[in-house]
Amino acid sequence: MGSRVAAALLRRSRDHASALMAAPRLPRTAPAPAPAAPRVGSGSRVGGGCLLPSRVGSTGALSSAARFGSFHAFRSLAPKTLLGQCTRKMSTTAAAVNSTVANGTANSGLKLLVTKGPQAQKAVGIWLFGCAAWVFSMVILGGITRLTRSGLSMTDWKFTGEIPPMSDKDWLLEFEKYKQSPEYKRVNKGMSLEDFKFIYWMEYAHRMWGRALGFLFAVPFAYFVAKGYVTRQLGLRLSALFALGGGQGLIGWWMVKSGLEEPSSEYTQPRVSPYRLATHLTSAFLIYCGILWTALSVVMPDPPTGSMNWVNGAAKVRKLAIPVSAVVGITAISGAFVAGNDAGHAYNSFPKMGDTWIPEDVFSMEPLIRNFFENTSTVQLNHRILATTTLLSVGGLWLAARKIDMHPAVKSLIGSTLGMAALQVTLGISTLLMYVPTSLGSAHQAGALTLLSLMILLTHTLRRPSPALLKSLATVAKST
């Protein structure tokens, strides 16, 4: 039975091969049929539906050549009447892309931030993404430290760090230092030693987490420089980020020191200056965004592109995405003033603030500008307005992007950003209505940084391609 089946299959395959050989073929000098109308928005296509490489970079010539090589191997098994037109176009396209990329890279091509090949690029990229994740976790830990009122538990600071208390005598000594602080006298009077240990460990972990980040950044950085992986441009950028990170520790102590001073009024609770808290948080955001942007630039030197139409569409969206990113950043910084003034514990209702839409004392301070940074009512109202503006701005960006022809991945990213913006507003309202529990408060801060991360990724993806890639796309469009 098996031999009969095998013989039948063999006969069918021979008949099929004969039919293929007998199929009519287009003469080499015959003009190709008119190309079909291009399909818009259905993958990386140009002209008669033939696939093009989705991205061409400094190494795109090799990868595209490999793809076209495998296609021509498949071509030999198929009738040329069906695939002749498409394969001729793809042969022309492959040659155009490869030659243009080679010439563009030699002349005005892509400037890579990492040398020594793709393995070095991958290693540096993983390291930078790891550092960005570490900064993200540190921001969240700092928020938890603030929400548990642990930030003022350590009353001194040393640049090199210090060993935590190891004996009961050491703990009692640290506790006595804390008892001299205004926070203990006005807020935590009568606190037990065990409760003090909890807030001390929270602040100590936050400080040591920052010092560990310095080690995680500096040691691999020195290694990559010694190996010759880092270009001058990348080295200068990373050096600036490292210096900013070192200054962040000084800014943190400068902030804590303001909370160890006696308040101006006996009815005021001791807390850090909202201006210094905003400076500390803004510096952390800048470090995080700088590392994340640099990591993306290392692993994705060129944005994803497939055609000139997508490049032009990305340019239109970029004009909208940049101001939306600014609104997201300003809203996040305004949250620092909400935290610095404990404004989240006032007007725990939504959408109204108490019984009114706008409190009467929003402009009660002199000069007027102080109300936006020190007046609890104005600070919370300002944050509500900015949060609503952020959600509407991201929603408008999403609506505008739906009508523009661009890379499907960019459209998907914009949709994710809109979803995150809606979630962040929901977290903010929930945090307010539930009187700022630690879990929701820290989740709200993590949401702000996540939304900012998505906007960084979006603006990085929408940036203008390199001259070599633009030239290759233009050549591809002409050849097809």
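For the structure given in this document, a descriptive report is provided here. Everything numeric here is computed off the predicted structure, so don't read it as measured data.

## What to know about the packing of helix α10 (residues 308-340) against helix α14 (residues 438-461)
No. 1: Taken N-terminus to C-terminus, the directions of α10 and α14 make an angle of 160°; their axes are 10 Å apart at the nearest point. Taken together, the axes of α10 and α14 are roughly antiparallel relative to one another. Considering the relative orientation of α10 and α14, their crossing is left-handed. Contacts from A321, V324, S325, V328 and G329 of α10 reach α14 at L451, L452, M455, L458 and T459.
No. 2: A breakdown of the residues in the contact of α10 with α14 according to their chemical character gives seven nonpolar, three polar and no charged.

## Quick word on the nonpolar core
No. 1: Judged by nonpolar contacts, the single largest core of 62 residues is most densely connected at V124, W127, I291 and L458.
No. 2: Apart from residues lying up to four places away in sequence, W127 is in contact with L216, F217, P220, F221, F224 and L238.
No. 3: Residues Y178, M191, F196 and Y204 belong to the second largest nonpolar core, which totals 10 residues.

## Structural notes on the pattern of salt bridges
No. 1: This structure, assessed with the given rule, holds nine salt bridges.
No. 2: In this structure, E183 and R149 form a salt bridge, with 3.8 Å as the shortest nitrogen-oxygen distance. Placement of the pair is E183 in helix α6 (residues 182-186) and R149 in the loop between α4 (118-147) and α5 (168-179), with a sequence separation of 34 residues.
No. 3: The exposure class of E183 is buried, given its relative accessible area of 2%.
No. 4: The exposure class assigned to R149 is partly exposed, which follows from its relative accessible area of 28%.
No. 5: Here the salt bridges do not stand alone but share partners, grouping D156, E174 and K177 into one network.

## Considering the environment of A446
No. 1: Looking at where A446 falls in the secondary structure, it is placed in helix α14.
No. 2: Spatially, the C-alpha atoms of A446 and Q424 are 9.1 Å apart, while their sequence positions differ by 22 residues.
No. 3: Among all residues touching A446, those that are not within four sequence positions of it are F136 and I140.

## Structural notes on a nonpolar patch on the surface
No. 1: Where nonpolar side chains cluster on the molecular surface, the patch consists of F363, L368, I369 and F372 and spans about 390 Å² of accessible area.
No. 2: With respect to the secondary-structure elements, L368 resides in the loop between α10 and α11 (371-374).

## With respect to helix α7 (residues 193-227)
No. 1: The end-to-end C-alpha separation of α7 is 50 Å, in line with the 51 Å expected for 35 residues at 1.5 Å each.
No. 2: Immediately beyond the C-terminal end of α7, within one or two residues, lies G228, with a positive phi of roughly 80°.

Procedures and definitions
Residues numbered from 1 in each chain as written. Predicted model: local features only at pLDDT ≥ 70, side-chain atom pairs only at ≥ 80, totals over all residues. Heavy atoms only, no water. Axes fitted to C-alpha atoms, helices over the stretch in contact; angles between N-to-C directions. Helix = DSSP H or I, 4+ residues; strand = E, 2+ residues; numbered from the N terminus. Parallel < 35°, antiparallel > 145°, perpendicular 65-115°, else oblique. Left-handed = near helix turned anticlockwise from the far one by under 90°. Contact = heavy atoms within 4.5 Å. Nonpolar A, V, L, I, M, F, W, Y, C, P; charged D, E, K, R; others polar. Core = buried A, V, L, I, M, F, W, Y, C linked by side-chain atoms within 4.5 Å. Buried < 20%, exposed > 50% of the residue type's maximum accessible area, 1.4 Å probe, protein only. Salt bridge = Lys/Arg side-chain N within 4 Å of Asp/Glu carboxyl O. Patch = residues over 30% accessible without salt bridge, like charges linked within 9 Å, V, L, I, M, F, W, Y side chains within 5 Å. Areas by Shrake-Rupley, 256 points an atom, 1.4 Å probe, with all protein chains shown as cover. Expected span 1.5 Å × (residues − 1).

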